[in-house]
Amino acid sequence: MRVLLLTHAFNSLSQRLFVELRQRGFELSVEFDINDETSIEAVALFRPDLIVAPFLKRAIPESIWANHVCLVVHPGIRGDRGPSALDWAILNGESSWGVTLLQANAEMDAGDIWASVEFPLRAASKASIYRHEVTEAAVSVVLDALECWRHGSVVPEPLDYSHPAVRGRLRPLLRQSDRRIDWQRDDTATVLRKIRSGDGVPGVLDRLCGRDCFLYDAHPAAGLSGAPGELLARSGPAVARATVDGSVWIGHLRERQGSHPFKLPAVQVLRQESAGLPEIAGYPEIEYRERSGVGYLRFAFYNGAMSSVQCERLLEAYRQACRGSARVIVLLGGPDFWSNGLHLNVIEAAASAADCSWENINAINDLAREIITSNRQITISALQGNAGAGGVFLARAADLVWARDGVILNPHYKDMGNLYGSEYWTYLLPGRVGEARAQRITQGRLPMGSLEARELGLVDACFGGSNEGFVAEVEREAERLAADPGLQRRLREKAQHRAEDERRKPLAAYRQAELERMQRNFYGFDPSYHVARYNFVYKVPKSRTPITIARHRDKRKLPE
Ligand code: COA
C-alpha cells in the first residue's frame, strides 16, 4: 500500500510517522508542500493509495483531495479548527488536549473525522507537547486509520457541533497581542503560559533592555523576586526577570531586528546588560544527583544544541561525577532532546564561524573522549528525547545506549553541507555496527527509530513509551547494574578492551583524521557547510524535497 506523506517540512512528527510506517511495510514517499504544482506532480508520480498530511501550513489543492483520501493530522481536540491549536490550548490553560485525524475537504480542518485522541496537557512548551503527547497521539490515530482503511472498516464522522463530544471550535490565528506580557500585572504562572504557548515558534514579542526580543525557554525561578520586569540574576544561558509574584528564567531570546535575528542564549543577546547581574545556580540546564550507586547527569540544552561553553560545563560536571562514588553514570540528556551536536546558532552569530565551529567540535570531542576513556564507571546514555548528527555519536561514546521507544535518531552529518563529522564516530560507529552498516547509516541520511537502531546495534535497548516510564525503568536497570557483583569484572574487561583498541589505533589518531576533514569543511574552498548552516539557522524554506525521502522523484526507484 502506497502512502504519500505530504508535509510542510520533514519535522519530528513527519520523521516519526515515516519511521513507523516504513517499519510496517508501507511503501512510502514524502513531498514537501511547497506549492500546488509540486504537490500535484508528486501525487501523479507516486500514485498513492492514501495521502497523510502530518504538518501542513496551507490547504491541500482540490484536485488532490477530490481524487484521493487525504488524512490531515490536526493538533487539537474534536471540533477545534484553525492554525494556532496548541498555542490557544496552552495559553488558555486547558487541562486536556488532543489530536484529531480528519479527511481533507473544501473547508480547512472541517472534514470528516476519522479518529480523535485526548491527553492531559502538561505544563510545558508547545514544542515539547508537540514532540511528546501530540506525536504519540498522532502516531496512534494514523496507524489505526491505516489499519482500518486496509480492512475497509472506516466510518468517518462528519463534524457536528451539536454532538456533546465535540468540545472544540474554530479559533483565529493567535497574534502577538493575544500573548503580550504585562510585567506590571501578570503573575509567574501567566508569564510562563504566555511564553510556553509560543515556544519554539514564534516566541513572545517583548521589550527587553530597550530592544524588541522574542522570548523562549521559560522556567520558574525559585526564591527570586524584585520590581516587576526587572532583571535579577543570570544562570548559565538564562536571565531571571521579576514578575508580580516571583520571577522566571528566560533562557533564549531572538532579536526582532539586528545582526543576529535568530535564537541565542539570553546572556549572549544581553551581553552588556547581563554582565553586572549576580551569577547564581537555578536555571535547570545541568543537574547531577546520585542514588544507590548510580549518578544521573541531566543536561537539558535548549533544542539539544551544545555550544563550546555548554560542552565545557558538561565536561566539568561529568568529571566531578566520575570523581564521586557512583559506579554507574547515566547521561540523561534532556526531556525533549538528548543532543543535536554543534550549536549552529551560536556559530552563526560568531565573528568567525569557522573558528567557532572548530572550538565547538573540539569541545564536544573532549567530552566524548572523557566518556570513552572513563574506566572507573559503566556509562549509559539514556535517550528520553531525539538526537541528531554529532549528538548521536556522542551518545554512543558511553558503554551502553538505552532509548525511549519512539525516539528518533538522525545518525548522519551530510545534510549539514556535507559535514564530515567528528565525535570519534569513525571509531565508535564501525565498532558497534560494522563497516558496511556504518556506511549505510551515514550515507543514507534517513531518520531511524529506536527499534531499527537497536537491530543495527546503534542502540542497546529501547523501552518505556513515556519519559516518566522510561526514566523509571532506566533507574531500576542502572541500580541493578550498580549492585551487580559482576560489576568489577565488567569494569576490568572494559579497561582491557579500551587498552587493546588504543594499541590498535589510538583515539588521538581517529580524532586527528576526522578533524582534518572538518578543517576542510570549516576553512576550505567549498562553502557548503557555511551555506547549509546559514539556511538552517535562518530557516530558509526548502525549494525541493530531498531525493532520499521523495522516492517518487528518484528515477531509479519509480513505483511500478
Ligand atoms: N544547533 C542549533 N539549533 C538547533 C540544532 C543545532 N545543532 N539542532 C536543532 N536545532 C533547533 C532548530 O533550529 C529548531 O529550532 P526552533 O525551535 O526555532 O524551531 C529546533 O532545534 C528543533 O529542530 P528541528 O530541525 O525543527 O527538529 P526536527 O526534529 O525536525 O529535526 C534534526 C531534527 C536533528 C534532524 C535537525 O534539527 C537537524 O538537522 N539539526 C542539525 C544537526 C546538525 O547538523 N548538527 C551539527 C553537526 S554536529
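My aim in this report is to walk through the structure given alongside it, one point at a time.

Glancing now at the site of the ligand. Taken together, the neighbourhood of the ligand is formed by 22 residues, with K263, N303, L342, L344 and K539 sitting nearest. For the ligand, an oxygen atom lies 2.7 Å from a polar atom in the side chain of K263. When the ligand is considered free in solution it has 870 Å² of accessible area, and contact with the protein chains removes 85% of it. Elements with a contribution of two residues or more to the shell around the ligand: α1 (12-23) and α11 (344-349). For the shell around the ligand, a count of residues per class yields eight nonpolar, 11 polar and three charged. In terms of domain composition, the shell around the ligand takes at least three residues from each of domain 1 (2-172 + 548-553) and domain 3 (286-521).

Turning to the pattern of salt bridges, a few remarks are in order. Under the defined criterion, the tally for this structure stands at 41 salt bridges. In this structure, R211 engages E255 in a salt bridge whose closest nitrogen and oxygen atoms are separated by 3.5 Å. Here E255 lies in strand β11 (residues 246-255) and R211 lies in strand β8 (residues 211-220), a separation of 44 residues in the sequence. Residue class for R211 comes out partly exposed when judged on its relative accessible area of 22%. A relative accessible area of 16% means that E255 is categorised as buried. The salt bridge involving R313 is made with E285; its shortest N-O contact spans 3.6 Å. With R313 in helix α10 (residues 308-323) and E285 in the loop between α9 (271-275) and β13 (286-291), the pair connects residues that are 28 residues apart, well separated along the chain. The exposure class of E285 is buried, given its relative accessible area of 4%. Counted as one network, the salt bridges with shared partners bring together R16, E20, R24, E136 and R404.

Read across the open sheet, the four strands follow the order β16-β18-β20-β21; overall the sheet is mixed. Of all strands in the sheet, those bounded by a partner on one side alone are β16 (337-339) and β21 (448-449). Relative to β21, strand β20 (residues 408-410) runs antiparallel, the two being bridged by two bridges. From the neighbouring strand, I408 faces β21, where its bridge partner is G449. Along the sheet, α1 contacts β18 (386-388), β20 and β21; its crossing angle with β20, the most-contacted strand, is approximately 100 degrees.

It is worth spelling out the pairing of strand β5 (residues 96-103) at this point. Counting buried residues along β5, seven of its eight residues qualify, which places the element largely inside the surrounding structure. Taken together, the four bridges between strand β4 (residues 70-74) and β5 define a ladder with antiparallel strand orientation. Bridging from a neighbouring strand, V72 pairs with L102 of β5. As defined by bridge partners, β5 adjoins strand β6 (residues 113-120) across seven bridges and the pair is classed as antiparallel. The residue bridging S96 from the neighbouring strand is P120, located in β6.

With that out of the way, let us pick up the sheet that holds β6. The sheet built from six strands is open, its strands ordered β2-β1-β3-β4-β5-β6 with mixed pairing. The open sheet has two edge strands with one neighbour each: β2 (27-32) and β6. When the angles between neighbouring strand axes are averaged without regard to direction, this sheet yields 20 degrees. Packed onto the sheet, helix α2 (residues 36-46) meets β1 (2-7), β2 and β3 (50-53) and runs at close to 165 degrees relative to β2. Contacting β1, β3, β4, β5 and β6, helix α5 (residues 126-150) crosses the sheet at an angle of about 150 degrees to β6.

Rules used in this analysis
Residues numbered from 1 in each chain as written. Predicted model: local features only at pLDDT ≥ 70, side-chain atom pairs only at ≥ 80, totals over all residues. Heavy atoms only, no water. Near = heavy atom within 4 Å. Polar contact = N/O pair within 3.5 Å; in protein donor to acceptor, adjacent residues only side chain to side chain. Areas by Shrake-Rupley, 256 points an atom, 1.4 Å probe, with all protein chains shown as cover. Helix = DSSP H or I, 4+ residues; strand = E, 2+ residues; numbered from the N terminus. Nonpolar A, V, L, I, M, F, W, Y, C, P; charged D, E, K, R; others polar. Domains from an automatic or database assignment. Salt bridge = Lys/Arg side-chain N within 4 Å of Asp/Glu carboxyl O. Buried < 20%, exposed > 50% of the residue type's maximum accessible area, 1.4 Å probe, protein only. Pairing = 2+ DSSP bridges. Contact = heavy atoms within 4.5 Å. Axes fitted to C-alpha atoms, helices over the stretch in contact; angles between N-to-C directions.

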